[in-house]
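Reading the structure
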Amino acid sequence: MKWSIARHLSATLLPFVVVVFAIGWVCTTLLVLGISAVKDIRISGWDMTAAQLARWLVFGLGLHLARKLLQVAVVHGRTRREFVAQACAFTVVLTAVAAACTALGYVLESLVYRAAGWPQSLEQPHFDSGTDVPAIFVAYWAVFAVWTAAGMLVVSGFDRLQAGGVVTLLIGFALITPAVITVGRSGSLPFLRGFDLTATATLPLALGLCAASWAVGLALTWGLVRDVPIKAGTAQP
Amino acid sequence: MKVDVQGLVVRYGDVTAIDDLSFSLAENKIYGLLGRNGSGKSTLMSVLAAFRKPTAGTVLVDGEPVFENGRATSRICLVQHGVDPADKGDRLKDALALAGVFRESWDAECAERLMDLFGLPRTKKLGQLSLGQRSAFGVVVGLASRAPLTMFDESHLGMDTPTRYAFYDALLADYMAEPRTIVLSTHLVEEQAALLEEVVIIDSGRLVLHEETEAVRSRGTSVTGPTGLVDRFVEGLTVLNQRQLGPTKSAVVYGSLDRDASGTEGLELGPIPLQDLFVHLTEPAGVTR
């Protein structure tokens, strides 16, 4: 039964993530092809999908992990400590897979754009080309890890503190801030417009800040769920 | 699995749900946990299953503390309404597979047999089940868990009569095959009384009674007859309830009757159902019916 929780999460959620990314890429590409009929294509469609939507996907998976699956594990006789330890390890794998899918999306898109003769302009500070796989991978891995931890923290806060969970919403926002202003584009979230450090922050610095946010997010999540009651209604989707 | 509860207190803000509760359960018996609505039954079971941390006191199973102790919790299963064993979007077959992943003692064959017994559709999603079906699925999860301490918190809810009887038969058959400590919380006291070897009655979070079911039954007697005779007979006894109809009086007494036969002349003495005893024992102070 060792690591059975992480194995279960990997067996169920990783294929889900891959399928969602595949659908996302196909839909994005079809949309771009449709737009190309009426307008010149000058920017990367996948750049927008990956930067905007994918992080919300992993944020949602963080919510799912901490809200639903924690309860199921405890119901079946596992401890909160076991679950959180294995879920944290799993988020590393989950976000790595999501980042790999993102990088693959850029590569595939670069092939499509090249065939169509379109420029794959990326509005990214840490990589210029859709084929710069290592930089794309680590940048998105860091961003996704932070957003997953923020999702776990926020839902744990509302589960534990009810309306007081709004505090964790603010903390979650603070956690993702370093990722937004040093890795992603600063104009992509409200309140952060004008705080763009992407030009000055090196990738290692950005990754370090994201790693710290991720660790703080998970530590705070553990503080909230370590003795959280499992009660009727927690299971509601 | 042996259970020891000492000085247990659970508070929700200003409300004390469990108030200095102490009792022990021996292993391999079927216990009935009885109490009125809001008496603390579900809270007590939640603490026994480590769903909730107590405010004070200790809960030991086979000498081990329960809360956040995997050695203990892996051997405990609580089936409780509203606390689902899988995601509502999961199909039942996937929910069973999940139980097998998480629980070492899971008996997949038993689960399949019970799914057939209750006629549960394996491809239906948990959230699409009726209340009775969800209860039946809870019974499947509870029995197939093979947990040495298995607890069912009103697991009959929504079940029709034939399904409830199938549940009782399955429970007894499983208990005979795999003896373990089973706790049933129920309001269907009389219907489930035959299953229960011992009853634990709690009220307002406090222990009212913990005895063998037959011993409890034998202590309750209804005494009916002319008012004067009944009054003389019950003098010095614990009277749980009295009713007067014209010159005839009926009283429910609790405790062993140490009366010779001559004292019962002109009176009708009879047993009272466990359910009635439970009602009288948990009657709020000052209330007579």
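Residues numbered from 1 in each chain as written. Chains lettered and ligands numbered in written order. Predicted model: local features only at pLDDT ≥ 70, side-chain atom pairs only at ≥ 80, totals over all residues.

Looking at the overall build of chain B
Heads up, the rule is: In this description a helix means any DSSP run of H or I spanning at least four residues, a strand means any run of E spanning at least two, and both kinds are numbered starting from the N terminus. Each residue is classed by its C-beta neighbour count within 10 Å, where at least 20 other C-beta atoms makes it buried, 12 or fewer makes it exposed, and intermediate counts make it partly exposed; the C-beta atoms are placed from backbone geometry. Throughout, a pair of residues is in contact if the C-beta atoms placed from their backbones lie within 7 Å.
Tallying secondary structure elements over chain B gives 10 helices and 14 strands in all. Taken along its principal axes, the extent of the C-alpha atoms in chain B is 65 × 40 × 35 Å. Taking all 289 residues of chain B together, 40% fall into the buried category. Counting contacts in chain B only where the partners sit at least 6 residues apart, residues at least 24 apart contribute 68% of the total.

Let's talk about the overall build of chain A
For chain A, the count of helices and strands is 6 helices and 0 strands. Secondary structure elements in chain A, listed N-terminal to C-terminal, are α-α-α-α-α-α. In chain A, which comprises 237 residues, the share counted as buried stands at 46%. Across chain A, the fraction of contacts at a sequence separation of at least 24, relative to all contacts at a separation of at least 6, is 75%.

A closer look at the sheet that holds strand β8 (residues 181-185) of chain B
Residues and elements named next belong to chain B. Put simply, the rule reads: Any two strands between which DSSP finds at least two bridges are classified as paired. Here the axes come from fitting lines to C-alpha atoms, over the contacting stretch only for helices, and the angles between their N-to-C directions go from 0 to 180 degrees.
In space, the 6 strands of this open sheet follow the order β6-β7-β8-β3-β9-β10, with mixed pairing throughout. One side of each edge strand has no neighbouring strand; the edge strands of this open sheet are β6 (76-80) and β10 (206-212). The mean inter-strand angle of the sheet, taken between neighbouring strand axes irrespective of direction, is 15°. Sheet topology note: the β6/strand β7 (residues 149-153) ladder contains 5 bridges and is parallel. When the bridges of β7 are listed, I76 appears paired with L149. Seen against the sheet, helix α5 (residues 131-145) touches β6 and β7 and runs at an angle of roughly 170° to β6.

Considerations on the environment of L33 of chain B
Residues and elements named next belong to chain B. With respect to the helices and strands, L33 occurs in strand β3 (residues 30-34). Judged by the 26 C-beta atoms lying within 10 Å of it, L33 is buried. The spacing of L33 and S185 is 152 residues in sequence and 4.6 Å in space, taken between C-alpha atoms. When sequence neighbours within four positions are dropped, the list of residues in contact with L33 reads K41, V183, L184, S185 and V200.

Regarding the environment of D47 of chain A
All names here are of chain A. Of note, D47 is situated in helix α2 (residues 45-75). When the C-alpha positions of D47 and I35 are compared, they lie 16 Å apart, and in sequence the two are 12 residues distant. Excluding residues within four positions of it along the chain, D47 makes contact with L122, E123 and Q124.

Re the sheet that holds strand β12 (residues 238-245) of chain B
All names here are of chain B. Strand order in the open sheet made by the 4 strands is β12-β13-β11-β14, with antiparallel pairing throughout. Two strands close off the open sheet at either side, each with one partner strand: β12 and β14 (268-271). Across the sheet, the mean angle separating the axes of adjacent strands is 20° when strand polarity is ignored. One ladder, built from 4 bridges, connects strand β11 (residues 220-226) with β14; its direction is antiparallel. Its bridge partner being in β14, T221 is matched across the sheet by P271. Lying over the sheet, helix α9 (residues 227-234) contacts β11, β12 and β13 (248-254), oriented at roughly 145° with respect to β11.

Section: the interface of chain B and chain A
Note the cut-off: Under this grouping Gly is polar, as are all residues other than the nonpolar Ala, Val, Leu, Ile, Met, Phe, Trp, Tyr, Cys and Pro and the charged Asp, Glu, Lys and Arg.
Across the boundary between the two partners, chain B contributes 26 residues, which contact 24 residues of chain A. With 4 residues, the single largest contributor to the side of chain B that touches chain A is helix α3 (residues 92-102) of chain B. Its residues assigned to classes, the side of chain B that touches chain A comprises 11 nonpolar, 7 polar and 8 charged.

Considerations on the domain arrangement of chain B
All names here are of chain B. The test is simple: Boundary definitions for the domains trace back to an automatic or database domain assignment.
What the domain assignment lists for chain B is domain 1 (3-204) and domain 2 (216-281). Relative to domain 2, the C-alpha centre of domain 1 lies at a distance of 36 Å. With 6 residues of domain 1 at the interface, the matching set in domain 2 holds 6 residues. Contributing elements (two or more residues each) for the side of domain 1 that touches domain 2: α7 (189-192) and β9 (198-203). Class assignment for the residues of the side of domain 1 that touches domain 2 results in 5 nonpolar, no polar and 1 charged.

Structural notes on α5 of chain B
Three or four residues apart is the spacing at which side chains of an α-helix point the same way, because the helix has 3.6 residues per turn. Residues and elements named next belong to chain B. The criterion, for reference: One less than the residue count of a helix, multiplied by 1.5 Å, gives the span that helix is expected to have.
Between its first and last C-alpha atoms α5 spans 21 Å; for 15 residues at 1.5 Å apiece the expected length is 21 Å, and the two agree. For α5, the buried fraction is high: 13 of the 15 residues fall into the buried class. Following α5 by one or two positions, R146 has its phi on the positive side, about 55°.

Quick notes on the environment of L129 of chain B
Residue and element names in this part refer to chain B. The topology assignment puts L129 in the loop between α4 (108-117) and α5. Taking the C-alpha atoms as reference, L129 lies 33 Å from G205; in sequence the two are 76 residues apart. Setting aside anything within four residues of it in sequence, one finds L129 in contact with K124, R134 and F137.

Things to note about the pairing of β3 of chain B
Moving residue by residue along a regular strand, the side chains alternate between the two faces of the sheet. Residues and elements named next belong to chain B. For β3, the buried fraction is high: 5 of the 5 residues fall into the buried class. Here β3 shows two buried faces, one formed by I30, G32 and L34 and the other by Y31 and L33. Looking at chain direction, β3 and β8 are connected through 4 bridges and run parallel. Note that in β8 the partner of I30 across the bridge is I182.

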